[in-house]
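Below are the chains, spelled out letter by letter.
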Amino acid sequence: MARVQQTVGLYAGGKVNLYFDVVKGGSLEETGGIDKGVFQHLLRELPESLEDLRALDLGCGDGRWSEVLHGRGAAEVIALDRSIEMLARAFQRGKDHGLDRLSLLLGDMQELPLRDSSVHLALASFCLMYFRDLNPTMGEIARVLVPGGSLFIATNLVEVYPSDLACHLEGKVFPIEVRLGDHDILQLDNVVQPLRWYLDAFRAAGLSIQSYAKFAPEGLTVAADYSRRSNLQLSKAMFHLVR
């Protein structure tokens, strides 16, 4: 069995509540908060109808994207997260909004508790930027997708300048300051993941890019006290891939 790598993120110190209730939009709408531009683009990219399809919401958080997938007619929506607290939030959303085809699954993206070729569509919304190695996760997602199945990803990208520092900084953890308007809300750890990391991981997993869009890092800045702040350039991205 593969060894699951430790990830950084927001499962500590009350950051979860701030992240979902404030930063992502207090209304809990899937298009709210600092990622509004990316999310609106993703909504347009997703198929209008998922009838008869099995969909997987990776790192589901409070289940906002599970609700979108359910609303587009998926025969089953699997909401997966490694946090019981997040699954409890997704459960409450499902109960409040009548999501009768929603299944909750506790698990890790690097060892998905699902059969091979058992999912038609997978979505990973801002849950991949905490991994120091993307290959195990991409391999697992490709494994559970049916041939021709789709993967949609929204994530942060971090490029290193000048390039001769890449070998020293890529894969390292650095602090991001998350802002809403003119106010600092919280600080999160992020891994330095350049675009090249994603492209290499897609290729290794046998995933083909159908579309790619890049966005400004709205609401995000490298922490002011980070010594390599001037060497990192943030952006956001959305990918549509097919196995």
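Read on for a plain summary of the structure. (Residues numbered from 1 in each chain as written. Predicted model: local features only at pLDDT ≥ 70, side-chain atom pairs only at ≥ 80, totals over all residues. Heavy atoms only, no water.)

What follows deals with the pairing of strand S3 (residues 102-106). When strand S2 (residues 76-81) meets S3, the two strands line up parallel, connected through five bridges. Paired with isoleucine 78 across the strands is serine 103, a residue of S3. Taking the sense of rotation as the criterion, the β-α-β connection linking S2, helix H4 (residues 84-97) and S3 turns out right-handed. (Pairing = 2+ DSSP bridges. Helix = DSSP H or I, 4+ residues; strand = E, 2+ residues; numbered from the N terminus. Right-handed = clockwise from strand over helix to strand, strands pointing away.)

Here the focus is helix H3 (residues 64-71). Counting buried positions over the eight residues of H3 gives six, a clear majority of the element. Here H3 has its buried residues at Arg64, Trp65, Ser66, Val68, Leu69 and His70. Directly beyond the C-terminal end of H3, a positive phi value near 95° is found at glycine 73. (Buried < 20%, exposed > 50% of the residue type's maximum accessible area, 1.4 Å probe, protein only.)

We now examine the nonpolar core. Counting residues in hydrophobic clusters, the biggest one holds 45 residues, and the most contacted among them are Leu46, Trp65, Phe174 and Leu232. Counting 32 residues, the second largest nonpolar core, distinct from the first, contains Ala124, Leu134, Ala142 and Phe239. (Core = buried A, V, L, I, M, F, W, Y, C linked by side-chain atoms within 4.5 Å.)

Let us now look at the environment of isoleucine 78. Locating isoleucine 78 in the fold gives a position in strand S2. With 25 residues separating them along the chain, isoleucine 78 and serine 103 place their C-alpha atoms 4.8 Å apart. Non-local contacts of isoleucine 78, meaning those with residues more than four positions away in its chain, are made with Arg54, Ala55, Leu56, Asp57, Ser103, Leu105 and Leu114. (Contact = heavy atoms within 4.5 Å.)

What follows deals with the packing of aromatic side chains. One pass over the structure, following the stated rule, counts seven aromatic pairs. Relative to phenylalanine 239, the ring of phenylalanine 202 lies with its centre 5.1 Å away and its plane at 75°, an arrangement referred to as edge-to-face. With phenylalanine 202 in helix H7 (residues 195-205) and phenylalanine 239 in strand S10 (residues 232-242), this pair connects stretches of sequence that are 37 residues apart. Here phenylalanine 202 matches phenylalanine 239 in class, with each residue buried. Their ring planes at 20° and their centres at 5.0 Å tell us that tyrosine 212 and phenylalanine 239 sit as a pair that is stacked. Of this pair, tyrosine 212 sits in strand S8 (residues 208-215) while phenylalanine 239 is found in strand S10, placing the two residues 27 residues apart along the sequence. Exposure remark for phenylalanine 239: the relative accessible area of 0% places this residue in the buried category. Among the aromatic residues, those joined into a ring-pair cluster are Tyr198, Phe202, Tyr212 and Phe239. (Phe/Tyr/Trp six-rings, centres within 6.5 Å; stacked < 30°, edge-to-face > 60°.)

Honestly, that's just the spatial picture; any functional story needs more than this.
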